[in-house]
Amino acid sequence: MLHLKDVSITFNEGTLDEKRALQGINLELERGEFVTVIGGNGAGKSTLMNIISGVLFPDVGDVLINDKKMTYLREFKRAAYIGRVFQDPMAGTAPSMTIEENLAMAYSRNKRRSLKPGVTKKRRDLFKEYLETLNLGLEDRLSAKVGFLSGGERQALSLLMATFTEPNILLLDEHTAALDPSRAELITNLTKEIVQKFELTTLMVTHNMQQALDLGDRLFMMDAGQIILDVKGEEKQGLTIEDLLHEFQKRRGTQFESDRAVLG
């Protein structure tokens, strides 16, 4: 479903600020695979997401989604294939528009544009059905402006908008990091339910090692623009945070320095 071939990108090349953000990344995600990505600041996690989504183009290498070459396809042209939820609950939605208007935009993401109304009775009934699965009462607030929702409600809406058209790839970019613990737990549980329900191929970046261990069926650890650990199945299920810290030290010869990743 997702294939990156020898992808590399360097920022500020030829200057004192030169940084090799990704170095020869090769990865393949099978249909329905749920991969968590862990790493310290500057490891290349966000750059990886931006390369996949089309925010950035690689200097070398190729990006394929469902066997279609996407390497230099602009972000808006990949929208039919990719759903993405960001760390900031304010991103991913239009605050001045209503819940149903936001959902109508997301619903049309992988459909041909037309001059027909974005919100019809049929669509409104569909939106209510999907919103009911969140158990937040948003199905009764379709005409409410999204800007008045809480951070957790907006993030739940963003997750629904990114997934109810069943994209080829779902990208979750630290999508629980800005929420309080109770809302983070809510969004985490919703994520598991939605990914399983639609069997979505998912790549989730997180600073939280325990979250990376608890979710998904495969785990990448990144450092200095490289994937230094790739585990899945029973091998992943048996890992602890201490194991991950040990593997990092064994591979890099230094200790993992991010307290945030260890403490969550």
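Okay, so let's go over this structure. (Residues numbered from 1 in each chain as written. Predicted model: local features only at pLDDT ≥ 70, side-chain atom pairs only at ≥ 80, totals over all residues. Heavy atoms only, no water.)

### A few points about the overall build of the protein
The cut-off we apply is this: Only DSSP runs of H or I reaching four residues or more are called helices, and only runs of E reaching two or more are called strands; each is numbered from the N terminus. Atoms considered for the radius of gyration are the C-alpha atoms alone. The globule rule reads 2.2 Å times the number of residues to the power 0.38. To measure how exposed things are, a 1.4 Å probe is used in the Shrake-Rupley method; for residues, cover is taken only from the protein chains shown. Charge counting follows a simple rule: Lys and Arg are positive, Asp and Glu are negative, and His as well as the terminal groups are ignored. Positions of charges follow a simple convention, taking NZ of Lys, CZ of Arg, CG of Asp or CD of Glu.
Helix and strand counts for the protein come out as 10 helices and 10 strands. Taking 264 residues into account, the globule formula puts the C-alpha radius of gyration at 18 Å, and the protein, at 19 Å, falls close to it. For the protein, the spread of C-alpha atoms along the principal axes amounts to about 60 × 40 × 35 Å. Of the roughly 13200 Å² of accessible surface on the protein, a fraction of 46% belongs to carbon and sulfur atoms. Across the protein, 34 positive and 38 negative side-chain charges occur, with their mean positions spaced 9 Å apart.

### Considerations on the sheet that holds strand β3 (residues 34-39)
Defined as follows: Pairing between two strands is assigned when DSSP locates at least 2 bridges connecting them. In this description, a line fitted to the C-alpha atoms serves as the axis of each element, helices being fitted only across the stretch in contact, and the angle between N-to-C directions of two axes falls anywhere from 0 to 180 degrees.
Here six strands make up an open sheet; going across it, the order is β6-β7-β8-β3-β9-β10 and the pairing mixed. Sheet topology places β6 (82-85) and β10 (226-232) at the edges, where each strand pairs with a single neighbour. Each strand axis lies, on average, 20° off the axis of its neighbour in the sheet, ignoring direction. With four bridges joining them, β6 and strand β7 (residues 169-173) adopt parallel strand pairing. When the sheet's bridge partners are listed, isoleucine 82 is paired in β7 with isoleucine 169.

### Topic: the sheet that holds strand β4 (residues 60-65)
Under the convention used in this document: Whether two residues are in contact is decided by their heavy atoms: any pair within 4.5 Å suffices.
Sheet architecture is open: four strands sit in the order β2-β1-β4-β5, paired in antiparallel fashion. One side of each edge strand has no neighbouring strand; the edge strands of this open sheet are β2 (19-29) and β5 (68-69). Bridge analysis of strand β1 (residues 2-11) against β2 gives seven bridges, and the strand direction is antiparallel. Each residue of the ladder has a partner; that of threonine 10, found in β2, is arginine 20. Against the sheet, helix α1 (residues 45-53) makes contact with β1, β2 and β4, and its axis sits at roughly 120° relative to β1, the strand it touches most.

### Considering the packing of helix α3 (residues 99-107) against helix α5 (residues 151-163)
Applied cut-off: Convention used here: angles under 35 degrees read as roughly parallel, angles over 145 as roughly antiparallel, angles from 65 to 115 as roughly perpendicular, and any remaining angle as oblique. When the near helix sits turned anticlockwise from the far one by under a right angle, the crossing is termed left-handed; a clockwise turn instead gives a right-handed crossing.
The interhelical angle for the contact between α3 and α5, taken along N-to-C directions, is 30°, at an axis separation of 9 Å. One finds that α3 runs roughly parallel with respect to α5. In this structure, α3 meets α5 at a crossing whose hand is right-handed. Across the interface between the two elements, Ile99, Asn102, Leu103 and Ala106 from α3 touch Leu157, Leu160 and Met161 from α5.

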